[in-house]
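Now for the letters of each chain:
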Amino acid sequence: MARRVRISIGQATGVAQLLDDDAPRTAELVWRALPLEGQALPSTVGGAEIFLPLPQPLHAPFENQTIYPIPGDLTFYLQPTGAHQAAVSGPERHREVIGFVYGRDAQIYGPVVPLPLNVFATVTEGLHEVATEIVRMRREGFGVLRLSRME
Amino acid sequence: MRHVVVRFPKQGVQARARLLDDLAPTTCEAIWRHLPLRGTSLHDIWSGRQVFLPLQPPLRVEPENCSLYVVPGDLYYYERGPHLDRGRPYGYLELSEIGLVYGRDSQPWSPRGPKVVNIFATIGDNLEQFAAACEQMIWDGAQDLEILPG
């Protein structure tokens, strides 16, 4: 049975299955780093995505990548710093983030081209509730996103 | 030379923009006739550093002074009819909007791809403080916005 991760934001909770077969190294690195929490940030270029900058780099390799995420995808990727993204500072050219795509019509752009994303988990329960909460937060302000192990 | 003031009333932050009457006469006149414009602005989720004010009821303005490409300080007008974009973006079946571009690396964008917009004004002063208020909307959500003759 696949390992599962709980995703919580505001009043909503969902469950995601880790893609241990398709993204074994990313899934393991994320699992070991859980729980992770912080203020969720909405994408300003990617559409229906929120992301959480990682406090410590995981150094996950490129794995199970796509530039075409779909609703429910939990992703790991290198987000370019600089003018392109809000609230980024420091000398690094990228920061590692976990992204969550909650709706259609999402494509995560970098400064020039869409970014390849490691898809490491898929939300299989509660996607609608979590998406509804995120849409509410886009109008009312963002709260804390929490990812934790279900064991 | 006509100007408008774009203002976040809650924060008391504003900027002044010159209307491009010579380049976009029809759009500028339509906007001017409807001032003051007030509503709840949202941060764009596809276009980068932009916020927009939905206009209710929609204005009807033809394409004019159009570009895909905007720079910080641009004010643009854009409209899409009902059911054009997939999935009611932002919850609006149809949308007539004023977009405010407050930072670099921005392009008006929608589920259909890049948007061709009517560029009708340009912010000349206090863009930096106004931009900070726009950027804060990424965390804080929707904010009341007004556009006044100035």
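The coordinates are above.
Keep in mind the model is a prediction, meaning the values are calculated, not measured. (Residues numbered from 1 in each chain as written. Chains lettered and ligands numbered in written order. Predicted model: local features only at pLDDT ≥ 70, side-chain atom pairs only at ≥ 80, totals over all residues.)

*Asks:* Just to check I follow, could you spell out the overall build of chain B for this structure?
*Replies:* Of the regular secondary structure elements, chain B holds two helices and 11 strands. Helices and strands in chain B line up, N terminus first, as β-β-α-β-β-β-β-β-β-β-β-α-β. Over its C-alpha atoms chain B spans a radius of gyration of 14 Å, differing by no more than 12% from the 15 Å that the globule rule assigns to 150 residues. If one aligns the C-alpha atoms of chain B with their principal axes, the spans along those axes are about 35 × 35 × 30 Å. The buried share of chain B, reckoned over its 150 residues, is 41%. Considering only residue pairs separated by 6 or more positions, chain B has 76% of its internal contacts joining residues 24 or more positions apart. (Helix = DSSP H or I, 4+ residues; strand = E, 2+ residues; numbered from the N terminus. Rg over C-alpha atoms; globule rule 2.2 N^0.38 Å. Buried ≥ 20, exposed ≤ 12 C-beta atoms within 10 Å, placed from the backbone. Contact = placed C-beta atoms within 7 Å.)

*Asks:* Just to check I follow, could you spell out the overall build of chain A for this structure?
*Replies:* Counting its secondary structure elements, chain A contains two helices and 10 strands. Rg of the C-alpha trace for chain A: 14 Å, near the compact-globule value of 15 Å for 151 residues, within the 12% margin. Expressed as lengths along the three principal axes of its C-alpha atoms, the size of chain A is roughly 40 × 35 × 25 Å. Expressed as a percentage of the 151 residues in chain A, the buried residues total 41%. In chain A, of all internal contacts separated by at least 6 residues, the share reaching a separation of at least 24 is 77%.

*Asks:* Teacher, can you tell me more about the interface of chain B and chain A here?
*Replies:* Size of an interface: often given as the accessible area lost when the parts come together. Between chain B and chain A, the residue contacts involve 19 residues of the former and 19 residues of the latter. When contributions to the side of chain B that touches chain A are tallied by element, the ones reaching two or more residues are strand S3 (37-43) and helix H2 (127-140) of chain B. Tallying contributions element by element places H2 of chain B first for the side of chain B that touches chain A, with four residues. Classifying every residue of the side of chain B that touches chain A by side-chain character gives seven nonpolar, five polar and seven charged. (Nonpolar A, V, L, I, M, F, W, Y, C, P; charged D, E, K, R; others polar.)

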